[in-house]
Structure formats: structure tokens, C-alpha cells
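# Descriptive structure summary
Here is what each chain is made of, one letter per residue.
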Amino acid sequence: MKTAIVTGASSGIGKETARLLDQKGYTVYDFSRSGENDGQIHHISVDVVDEASLQRALLQVIEETGRLDLLVCNAGFGISGPVEFTELTEAKEQFDVNFFGAFRCVKASLVYLRETKGRVVFVSSVAAVFSIPFQSFYSASKAAVNSLASSLANELQPIGVRVSCVMPGDVRTGFTNSRRKGTNGADVYETMHRAVEKMEEDEQKGLSPTTVACVILKAVSAKRPTLFYVVGVKYRLFVFLGRILPFSLQNRLVGKLYR
């Protein structure tokens, strides 16, 4: 039986992904800070910024199953606010979880994934392609994930480990309520509150986490997976247009959406 680790599987996209993998016969482990066993899904308390807890959890998985076939790097969170008024500690924490957390998980797992010729799937975002005003550091962290996935895919292809990156747009999850919203600078940046409100309104009308999980499963199951999967017809159109329109025009259009 194949073994999968899904980080951040206590809720939202991660939880639905873990359930689908369980239905497909994987032994599934949820690596998250909070959560509990969910049916056949095994929860292990892990903080992706804590390398020691990650190593302990990985050893437990290998001791219990003897193998690792799939790593889904899903753990993450968002902050919002103007660049000028974002504390350096906040920006670093955003990257520490979203980017370096994924890096830590991949680095620790590859010794096992090489043996099974397994797979790595990153959960990124369309915000990696279209940087969103007042979500600068979230967008930047996801762009960094895309770059990591691209490089890693070429490094691992000769040894048989496949890499994919799934990019959803707006999704209805607890991510919205968990966002850390900076309020400093609202008197300077009059469009900030409207931009964040528009973004959160779009999220609440967005894709279901199950829709994203199904695309992750598609990437996992494909004989020849592609590197990037954009979730949702609307977002695939946006990304396509982004390839053919001048970047300066793209950026202006994004700016107008959040004013």
C-alpha cells in the first residue's frame, strides 16, 4: 500500500486531499499543528517551521509503513497589508511557513521518495502569477514555491521523482478567516480596505476545496503529470491571457480589480 503525507491536512484543501487519497487506497498522514485522526487518516502534530518535529514525524511514518510515495506540500497561511507598514518579522514568517516550510518537507522526504520513485505536489496559487496588491508577501511566497517546483522538477526527473504544482484561484476555506490582516497605513492607502474586502468576497464565492483536491489527485495519478495545474476555467483563462499580454498591462489590470 502506498503512503502519502499531506501537510496542513486538518482543514480545507489539505483535508479534502487527504480524504481523496485515503479513498484511493493510500495510507495517509496529516502533518499539521492542529487536528486529529480522521477515519483512516493519521494525524501527527508537526509545525513545518520546526525541523526537529518534522524529522520525528517522518521517522514515525517510515517505522509504521516502511515507505513514502507522495508528499503534498499544502501548509500555509496569508498576511495582508501595505508593504510599507508590514513588519519584517511578519514578512519572514510568511516565507518561513509557505516557502521554507515546503522546502524543509521536500528536503527531509527525498531520501525516501527516491526509493519509491514517488511524487511531490506543491499547492501554490494563481497569486504566484498575478501579484495581488496588499498581499505582496503571500504572492511572493507562492511565486517562490513555483520557482522551487520548476527547478526541482528538472533535478529529480533523471531519478524518477515527479514534481507538480497546483495553482488554485479563490477557494472557500477557513484560510480567509485565518488571514492576518494588517491595519496600519489605512489612512495613507485609502484603497487597502476595499482591496482586502474584495479579495475576501471573491474567496467566499470561490472554488470548493474538493475541486482543488480533485486536481491534486489528477496530478498524483497522471502517468506523465505536467508541472503546473491551474484550477478553474476562469483562472486558466487568466493565466493564458497573462502569457500573451504585456506584463505592464497585466499588472495594471490586476490593480484595477482591487480598487
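Residues numbered from 1 in each chain as written. Predicted model: local features only at pLDDT ≥ 70, side-chain atom pairs only at ≥ 80, totals over all residues. Heavy atoms only, no water.

## Some details on a nonpolar patch on the surface
A cluster of nonpolar residues, L237, F238, F240, L241 and I244, forms a patch on the protein surface that exposes about 460 Å² of accessible area. Summarising the element assignment, I244 is placed in helix α9 (residues 233-244). (Patch = residues over 30% accessible without salt bridge, like charges linked within 9 Å, V, L, I, M, F, W, Y side chains within 5 Å. Areas by Shrake-Rupley, 256 points an atom, 1.4 Å probe, with all protein chains shown as cover. Salt bridge = Lys/Arg side-chain N within 4 Å of Asp/Glu carboxyl O. Helix = DSSP H or I, 4+ residues; strand = E, 2+ residues; numbered from the N terminus.)

## Some details on the layout of surface pockets
Approximately 150 Å³ is the volume found for the second largest pocket. Of all elements in the fold, only β5 (79-80) and β8 (180-181) reach the threshold of two or more residues within the lining of the second largest pocket. Considered class by class, the residues forming the lining of the second largest pocket number 3 nonpolar, 6 polar and 4 charged. (1 Å grid on protein atoms, 1.4 Å probe; cavity = no way out; pocket = protein on both sides within 12 Å on 5 of 7 lines; lining within 4 Å. Points joined across faces, edges and corners; volume = space filled by probe spheres on them. Nonpolar A, V, L, I, M, F, W, Y, C, P; charged D, E, K, R; others polar.)

## Some thoughts on the sheet that holds strand β3 (residues 42-45)
Taken together, 7 strands build an open sheet; the order of strands is β3-β2-β1-β4-β6-β7-β9 and the sheet is parallel. Lying at the two open borders of the sheet, with one neighbouring strand each, are β3 and β9 (228-231). On average, adjacent strands in this sheet sit at an angle of 20 degrees to one another, irrespective of strand direction. In the packing of helix α1 (residues 12-23) onto the sheet, contacts are made with β1 (3-7), β2 (27-32), β4 (70-73) and β7 (162-168), and the angle to β1 comes to roughly 170 degrees. Here helix α5 (residues 136-156) sits on the sheet in contact with β6 (119-123), β7 and β9, set at roughly 160 degrees to β7. (Pairing = 2+ DSSP bridges. Axes fitted to C-alpha atoms, helices over the stretch in contact; angles between N-to-C directions. Contact = heavy atoms within 4.5 Å.)

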